[in-house]
Amino acid sequence: MNLTARQLALATLDRQLLLGRRRLDVADAVRRVCALQAQTPASPYLALWNRVQDFAPQDLDTAFADGRIVKATLMRITLHAVHAEDYTPYRAAMLSSLRASRLYDRRFTATGLNPADADALLPELAGFLARPRTGAEVQSELTGRYGEHAHRVWWALRTYAPLHHAPTGGPWSFTQPNTYRDSSATPGSASQEANAGVERLLVAYLRAFGPASAQDFARFTLLTRPVITRALQELGDRVVRVTGPGRAALFDLAGATVPSEDTPAPPRLLPMWDSTLLAHIGAGRVVPEEYRPLVVRRNGDVLPCLLVDGHVAGVWRAADGGLELTAFHKLGKAAWQGLTEEAQKLSVLLADRDPAVYRRYGHWWDKGFPDVERRIVRG
């Protein structure tokens, strides 16, 4: 199979449920797309609104509350919402990277502790987090033993220890300050071997973002190339090679399909840090190269984007009792009509939850965009 760049983009959109909303349970939808970026509490809700037919935010509230979907630090050492049964294998896959990112950082080594000292704290931490606690409460508990270094010890532990963020209510289930709890009660939480975890995560990634290269998977996870190469070898004929427009070898699950090049891609209003924009190297498949600096900022913020015909065409934000849509190039009447209809529906959802969603990121608009066209849409 020799795929075009257009087909690769459509494959990603199709597997991310962005070519047409599907009638799915929210936990099943999260599993289908591998994981949802959850740095900002609103983002998993808006990601599912884009993907699930008749999405009801209260369904995600319930799934977080009853533990069918959990929020934890995983891929790229950042927060993701994942199906509860996927948490343990995904964590096993990422544990070496999570540990190294903290235990070999000078902010931890400056405490005088070593990795074995941190590991020895895990059983005690699990007991303390048998019920939800704020980070301040954990740090206070550690202060008696580590004094001024308590915040550094907790900084390391909260990244690699087996724990979840606990729902606290509010419009998006999680509020500041963060609250944590032990993850041992998670379904399927028995220990998982790292290699098996990487293989499971790789299969889930290809199902959600393939066809993709080893470099793409490394971008999505921050796993090393030798680890990924071993996983590809172990998966054997479950994974096949396909040919794309670039030089990098592409892999996909055996039997997976790719949409035809003439498949239409509907307009969408993606949330901040949508995984579709972060799952491949370079500008990704849906971000034109010239727009990448506009939507992926130097500090790592990934702005809420407009998708038109399967590609990023601008950004959106809450403003003036509705949504402000900024296009980076002139759009046709049909494109604006589709975006307007999506924005009206999203405005209704936000009115009941958080009309000023992502308000803290408004400073990026102050720095300016090539606002060829800008419109305010209200529900």
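What counts, and where the lines are drawn
- Once a new chain begins, its residue numbering starts again from 1 and follows that chain's sequence as written.
- Note on the predicted model: pLDDT of at least 70 is required for a residue's local features to be given, and 80 or more for side-chain atom pairs to be given and counted; whole-chain, interface and lining totals, by contrast, use all residues.
- The side-chain numbers reported here are obtained from all heavy atoms of the structure, hydrogens and water having been left aside.
- Each helix is a run of DSSP H or I of at least 4 residues and each strand a run of E of at least 2, with the numbering of both proceeding from the N terminus.
- Residue burial is assigned from relative accessible area. The probe radius is 1.4 Å, only protein chains are included, and a residue is buried under 20% of its type maximum, exposed over 50%, and partly exposed in between.
- Contacts were defined at the residue level, with two residues in contact if any of their heavy atoms lie within 4.5 Å.
- For the accessible areas, the method is Shrake-Rupley and the probe is 1.4 Å, while residue cover comes only from the protein chains on display.
- Counted as positive: Lys and Arg. Counted as negative: Asp and Glu, with His and the chain ends omitted from the count.
- To locate a charge, take NZ of a lysine, CZ of an arginine, CG of an aspartate or CD of a glutamate.
- Whether two strands pair comes down to DSSP finding at least two bridges between them.
- Simply put, an axis is a line fit to the C-alpha atoms, just over the touching stretch for a helix, and the angle between two N-to-C directions goes from 0 to 180 degrees.
- Crossings are sorted by hand: turned counterclockwise from the far helix by less than a right angle, the near helix makes the crossing left-handed, and turned clockwise it makes it right-handed.
- We call Asp, Glu, Lys and Arg charged. Ala, Val, Leu, Ile, Met, Phe, Trp, Tyr, Cys and Pro are nonpolar, and the rest, Gly among them, are polar.
- Throughout this description, the term nonpolar core refers to a set of buried Ala, Val, Leu, Ile, Met, Phe, Trp, Tyr and Cys residues connected via side-chain atoms within 4.5 Å.
- By definition, a salt bridge exists where a carboxyl oxygen of Asp or Glu is found within 4 Å of a side-chain nitrogen of Lys or Arg.
- Throughout this description, any angle smaller than 35 degrees is read as roughly parallel, any larger than 145 degrees as roughly antiparallel, any in the 65 to 115 degree range as roughly perpendicular, and the remainder as oblique.
- Side-chain rings of Phe, Tyr and Trp, where Trp is taken by its six-membered ring, are said to pair if the distance between their centres is within 6.5 Å; with planes under 30 degrees apart they count as stacked, over 60 as edge-to-face, and otherwise as tilted.

Chemist: Hey, could you run me through the overall build of the chain in this one?
Modeler: Assigned secondary structure in the chain consists of 16 helices and 13 strands. Overall, the chain is about 65 × 50 × 35 Å in size when its C-alpha atoms are taken along their principal axes. Considering the chain as a whole, with its 379 residues, one finds that 56% of them fall into the buried category. Summarising the internal contacts of the chain: among those between residues at least 6 apart in sequence, 69% fall at separations of at least 24. In the form shown here, the chain has an accessible surface area of approximately 16,100 Å², with 49% of it arising from carbon and sulfur atoms. Positive and negative side-chain charges in the chain, numbering 46 and 39 respectively, have mean positions lying 3 Å apart.

Chemist: Even after reading the chapter, I still don't get the pairing of strand 10 (residues 305-308), so can you show me in this structure?
Modeler: Remark: a regular strand shows side chains that alternate across the two faces of the sheet. Residues Cys305 and Leu307 point to one face of strand 10 and Leu306 and Val308 to the other, with burial holding for every one of them. Relative to strand 10, strand 9 (residues 268-269) runs antiparallel, the two sharing 2 bridges. What sits directly across from leucine 269, in strand 10, is leucine 306. Where strand 10 folds back on strand 11 (residues 311-319), the antiparallel hairpin that results is connected by 2 residues, among which aspartate 309 adopts a positive phi of roughly 55 degrees.

Chemist: Can you walk me through the packing of helix 3 (residues 42-49) against helix 15 (residues 333-353) in this structure?
Modeler: Helix-helix packing is characterised by the crossing angle of the two axes and by the distance between the axes. Remark: helix 3 packs on helix 15, axes separated minimally by 12 Å, with the N-to-C direction vectors making an angle of 145 degrees. Of the two elements, helix 3 crosses helix 15, and the hand of that crossing is right-handed. Residue-level contacts link Tyr45, Leu46 and Trp49 of helix 3 to Glu342, Lys345, Leu346, Leu349, Leu350 and Arg353 of helix 15. Here the contact of helix 3 with helix 15 is composed, by residue class, of 6 nonpolar, no polar and 3 charged.

Chemist: Sorry, what's going on with the nonpolar core here?
Modeler: Within soluble globular proteins, side chains that are nonpolar tend to cluster in buried spots. Judged by nonpolar contacts, the single largest core of 70 residues is most densely connected at Trp316 and Leu325. Residue contributions to this core peak at 7 residues, all from helix 15. Counting 57 residues, the second-largest nonpolar core is a separate cluster that includes Ala84, Leu157, Ala214 and Leu253.

Chemist: I keep staring at unusual backbone geometry and nothing clicks. Help me out?
Modeler: Note on backbone geometry: most residues besides glycine have negative phi, and most peptide bonds are trans. Of the consecutive residues glutamine 176 and proline 177, the connecting peptide bond is found in the cis state with omega at -5 degrees. Looking at the secondary structure, you find proline 177 in the loop between strand 5 (163-165) and strand 6 (179-182). In this structure, the amide linkage connecting glycine 210 to the following residue, proline 211, adopts the cis form with an omega of -10 degrees. By the element assignment, proline 211 lies in the loop between helix 11 (194-209) and helix 12 (214-221).

Chemist: What's the story with the pattern of salt bridges in this structure? I'm lost.
Modeler: This model, assessed by the stated rule, comprises 20 salt bridges. We note a salt bridge from arginine 200 to aspartate 86, for which the minimum N-O separation is 2.6 Å. Of this pair, arginine 200 sits in helix 11 while aspartate 86 sits in helix 5 (residues 84-103); the two residues are 114 residues apart in sequence, bridging distant segments of the chain. The exposure class of arginine 200 is partly exposed, given its relative accessible area of 34%. Each of the salt bridges in this network shares a partner with another, and the network as a whole consists of Arg31, Glu85, Asp86 and Arg200.

Chemist: What's the story with helix 12 in this structure? I'm lost.
Modeler: Side chains of residues three or four places apart in an α-helix project in the same direction, reflecting 3.6 residues per turn. For helix 12, the tally of buried residues reaches 6 of 8 residues, placing the bulk of the element in the interior. For helix 12, the set of buried residues is Ala214, Asp216, Phe217, Ala218, Phe220 and Thr221. For helix 12, the elements touching its buried residues are helix 5, helix 11, helix 13 (225-235) and strand 8 (250-253). One or two residues past the end of helix 12 sits leucine 222, with phi positive at roughly 75 degrees.

Chemist: How should I be thinking about the sheet that holds strand 9 in this particular structure?
Modeler: Backbone-to-backbone hydrogen bonds pair the strands of a sheet. The strands run either parallel or antiparallel. Read from one edge to the other, the open sheet built from 5 strands follows the order 9-10-11-12-13, with strand pairing classed as antiparallel. Either end of the sheet is taken by a strand with one partner, and the two such strands are strand 9 and strand 13 (373-377). Here 6 bridges tie strand 11 to strand 12 (residues 322-327), and the two strands are oriented antiparallel to one another. Bridge pairing links tryptophan 316 to leucine 325 in strand 12. Across the sheet, helix 15 lies against strand 9, strand 10, strand 11, strand 12 and strand 13, angled at about 150 degrees from strand 12, the strand it touches most.

Chemist: Sorry if this is basic, but what is going on with the packing of helix 5 against helix 10 (residues 150-160) here?
Modeler: Running from amino to carboxyl end, helix 5 crosses helix 10 at an angle of 165 degrees, the nearest separation of the two axes being 8 Å. Here helix 10 runs roughly antiparallel to helix 5, going by the angle between their axes. Helix 10 is crossed by helix 5, and the crossing has right-handed handedness. In contact with Arg91, Leu95, Leu98, Arg99, Ser101, Arg102 and Leu103 of helix 5, helix 10 contributes Trp155, Ala156, Thr159 and Tyr160. In terms of residue class, the contact of helix 5 with helix 10 is made up of 6 nonpolar, 2 polar and 3 charged.

Chemist: So what exactly am I meant to see when it comes to the packing of aromatic side chains here?
Modeler: In this description, a pair of aromatic rings is defined by centroid distance and the angle of the planes. Overall, the coordinates contain 13 aromatic pairs when judged by the stated rule. Each ring, one from tyrosine 205 and one from phenylalanine 209, has its centre 5.3 Å from the other, and the planes form 35 degrees; the classification is tilted. One end of the pair is tyrosine 205 and the other is phenylalanine 209, both in helix 11 and 4 residues apart, which spans about a single turn. Like tyrosine 205, the residue phenylalanine 209 is buried in the burial classification. Seen in terms of ring centroids, tryptophan 365 and phenylalanine 369 are 5.5 Å apart; in terms of plane orientation they differ by 75 degrees. Their pairing is edge-to-face.

Scope: geometric values only; no functional claims are made or implied.
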